[in-house]
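# Structural overview for review
So the chains spell out like this:
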Amino acid sequence: MNGNIRIGNLFGIPFFINPSWFFVLGLVTWSYGSGLTRFPELTGIMPWFLGLVTALLLFSSVLAHELGHSFVAIRQGIPVKSITLFIFGGLATLEKESESPFQAFSVAVAGPLVSVLLYGLFSFIAATVPLSLPLKAIISLVAYINLVLALFNMIPGLPLDGGNVLKAIVWKVTGNPNKGVIFAGRVGQVIGWIAISLGIMSVLGISQVGSIWTLLIGAFLLRNAGFAAQSAQVQDKLSQYTAKDAVIENSPVAENNLSIREFVNNYVIGKQQWRKFLIVDSDRQLAGEIEIAELNKIPTSQWNDVYLNELIEPVDQANIIAAETSLLEVAKDFEVNSPRELIVVGDTGEVYGLLEKSSIINLMAKQEQEQERSFKSQSDREEVLQS
């Protein structure tokens with residue numbers, strides 16, 4: 001999984017660590033260990049050991065944050081593919097999106113709520129439990145970091161939790177989850193550019209606000225927010241079309257009352273070469289399919305006497321899809337089940353034709369070209385009117 005190292009399972013959820021995590025673990029251990037050297041009672045390697053403990057507590061807090069998202073998603077019936085710790089924190093990867101804005105909101109806020117609860121727990125321990133000064137400093141630091149983690153993640157831009165909250169709100173207002181992702185993604189890109197600018201000015205000594213980490217986090221936000229917005233735009237376009245819109249023109253469909261000779265003359269010789277044909281009756285109801293290679297098993301001397309309805313084989317029912325199915329759902333079917341092609345049928349069973357993965361790409365490209373031509377024509381008309 002992208003070079004990630006699988007550690008095991010947590011509550012049945014695959015748990016991975018990105019190699020970048022070890023760099024941050026070492027950096028945090030060194031940073032906090034150096035800070036603990038101010039306590040005279042800590043001698044030898046003890047400051048660095050406690051620095052490692054602090055780093056592990058911080059990453060455990062990040063892990064608890066992601067488990068918060070995961071448990072709420074699981075309660076909604078959404079499988080969690082994995083939890084991964086990496087250089088900028090953690091990521092819980094869900095099998096699918098929530099089915100309603102409120103459910104999406106619940107998953108988004110679960111992580112920050114866990115961080116707030118941990119902040120309260122560690123603050124209570126630091127204030128009430130008699131601890132040595134070094135341990136009190138560690139517990140207080142972990143409490144503070146959990147509060148920062150909660151507040152930082154509530155910044156309203158993807159891919160942060162606050163961006164997912166904003167997505168859910170826009171989804172509720174517009175009724176379209178993709179519009180929520182697009183809007184929250186654009187906000188995330190703006191925040192990313194701001195963070196990058198602050199980071200660059202800090203590195204150049206122009207500003208006291210920000211650091212090299214601000215620059216790196218900004219680049220991370222910009223990249224992921226842009227990807228989320230682009231993906232949502234594609235999904236939004238796909239949701240505007242149905243399976244029948246992407247059916248291959250002149251799909252390989254023939255009637256079952258044809259002889260092999262008629263079929264070969266009318267559909268095979270000099271035509272586009274197809275691996276197989278769908279066979280329908282006079283009402284275009286699906287009767288089955290024929291592999292072109294199977295025709296070679298029949299002597300050509302018999303081609304006038306053998307009809308297609310004698311040769312048809314049943315089709316795989318899993319590859320039949322309703323004509324009014326959203327093209328977005330069709331695309332997901334191709335990604336999940338990887339069928340070679342789908343058979344598109346109407347409400348009364350009539351066959352529209354075949355649909356391949358490339359059909360979706362071709363339809364989107366065609367629509368894009370038509371939009372560009374329409375925009376150009378409109379611009380030309382405006383120029384004529386202005387002149």
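All of these numbers come straight from a predicted model, not from anything done at the bench.

## What to know about the environment of Asn309
Tracing the backbone shows Asn309 in the loop between strand S7 (286-291) and strand S8 (320-322). Taking the C-alpha atoms as reference points, Asn309 and Thr242, 67 residues apart in sequence, are found 30 Å from one another.

## Here we look at the packing of helix H1 (residues 19-36) against helix H2 (residues 46-75)
Here H1 crosses H2 at 130°, and the two axes come no closer than 7 Å. By the angle class used here, H1 and H2 are oblique. The interaxial crossing formed by H1 with H2 has right-handed handedness. On H2, the residues touching Trp21, Val24, Leu25, Val28, Thr29, Trp30, Tyr32, Gly33, Ser34 and Leu36 of H1 are Pro47, Trp48, Leu50, Gly51, Leu52, Thr54, Ala55, Leu56, Leu58 and Phe59.

## Considerations on the pairing of strand S3 (residues 80-86)
Judged by how many residues are buried, S3 sits mostly within the fold: six of seven residues are covered. In this sheet, S3 lies alongside strand S2 (residues 13-17) in parallel orientation, the contact comprising three bridges. Within S3, the residue paired with Ile17 across the bridge is Leu85. Both S3 and strand S4 (residues 89-94) contribute to a ladder of six bridges, which runs antiparallel. Each bridged residue has a counterpart across the sheet, and for Ile83 the counterpart in S4 is Ala92. Connecting S3 to the next strand, S4, in antiparallel fashion are two residues.

## Things to note about the sheet that holds strand S1 (residues 5-10)
Backbone-to-backbone hydrogen bonds pair the strands of a sheet. The strands run either parallel or antiparallel. One open sheet holds the four strands; their spatial order is S1-S2-S3-S4, and the pairing between them is mixed. A strand with exactly one partner marks an edge of an open sheet, and here the two such strands are S1 and S4. Mean inter-strand twist for the sheet, computed between neighbouring axes without regard to direction, equals 25°.

## A look at the confidence of the model for the protein
For the protein, mean pLDDT is 89; residues scoring 70 or higher make up 95% of the total. Mean pLDDT across the secondary structure elements of the protein bottoms out at helix H10 (residues 357-386), with 72, and peaks at helix H3 (residues 101-128), with 96.

## Regarding the pairing of strand S6 (residues 276-280)
Of all five residues in S6, five are buried; the element is thus mostly enclosed. Taking every second residue as pointing to the same face, both faces of S6 are buried, with Lys276, Leu278 and Val280 on one and Phe277 and Ile279 on the other. Across three bridges, the pairing between strand S5 (residues 253-255) and S6 is parallel. Pairing of Glu255 across the sheet is with Val280, part of S6. Regarding the hand of the β-α-β motif, the stretch spanning S5, helix H8 (residues 260-268) and S6 is right-handed. Pairing of S6 with S7, which is carried by five bridges, proceeds in the antiparallel orientation. Note on S7: the bridge partner recorded for Ile279 is Gly288.

## Examining the nonpolar core
Phe15, Trp21, Leu36, Phe59, Ile83, Leu85 and Phe122 are the most contacted members of the largest nonpolar core, which totals 32 residues. Those elements giving two or more residues to this core turn out to be S2, H1, H2, S3, H3 and helix H4 (133-153). A total of eight residues in this core trace back to one element, the largest contributor, which is H2. Residues in contact with Leu36, not counting those within four places in the same chain, are Leu42, Pro47, Leu50, Gly51, Pro134 and Ile138. Within the second largest apolar cluster, 25 residues are counted, among which are Val264, Phe277, Leu278 and Val351.

## Details of the pattern of salt bridges
This model, assessed by the stated rule, comprises ten salt bridges. Residue Lys167 pairs with Glu97 through a salt bridge whose shortest N-O separation is 3.1 Å. One end of the pair, Lys167, is in helix H5 (residues 161-174); the other, Glu97, is in the loop between S4 and H3, with 70 residues separating them in the sequence. Look at Lys167 and you get buried, because its relative accessible area is 6%. A relative accessible area of 54% places Glu97 in the exposed class. Of the charged contacts, one joins Glu341 and Arg275 as a salt bridge, the two residues approaching to 3.1 Å between their closest N and O atoms. With Glu341 in the loop between helix H9 (327-337) and strand S9 (342-345) and Arg275 in the loop between H8 and S6, the pair connects residues that are 66 residues apart, well separated along the chain. In this structure Arg275 comes out as partly exposed when scored by relative accessible area, which is 34%. Ionic contacts of the salt-bridge type, sharing partners, join the residues Arg275, Lys276, Glu289, Glu291 and Glu341 into one network.

About the cut-offs
Residues numbered from 1 in each chain as written. Predicted model: local features only at pLDDT ≥ 70, side-chain atom pairs only at ≥ 80, totals over all residues. Heavy atoms only, no water. Helix = DSSP H or I, 4+ residues; strand = E, 2+ residues; numbered from the N terminus. Axes fitted to C-alpha atoms, helices over the stretch in contact; angles between N-to-C directions. Parallel < 35°, antiparallel > 145°, perpendicular 65-115°, else oblique. Left-handed = near helix turned anticlockwise from the far one by under 90°. Contact = heavy atoms within 4.5 Å. Buried < 20%, exposed > 50% of the residue type's maximum accessible area, 1.4 Å probe, protein only. Pairing = 2+ DSSP bridges. pLDDT = per-residue confidence, 0-100. Right-handed = clockwise from strand over helix to strand, strands pointing away. Core = buried A, V, L, I, M, F, W, Y, C linked by side-chain atoms within 4.5 Å. Salt bridge = Lys/Arg side-chain N within 4 Å of Asp/Glu carboxyl O.

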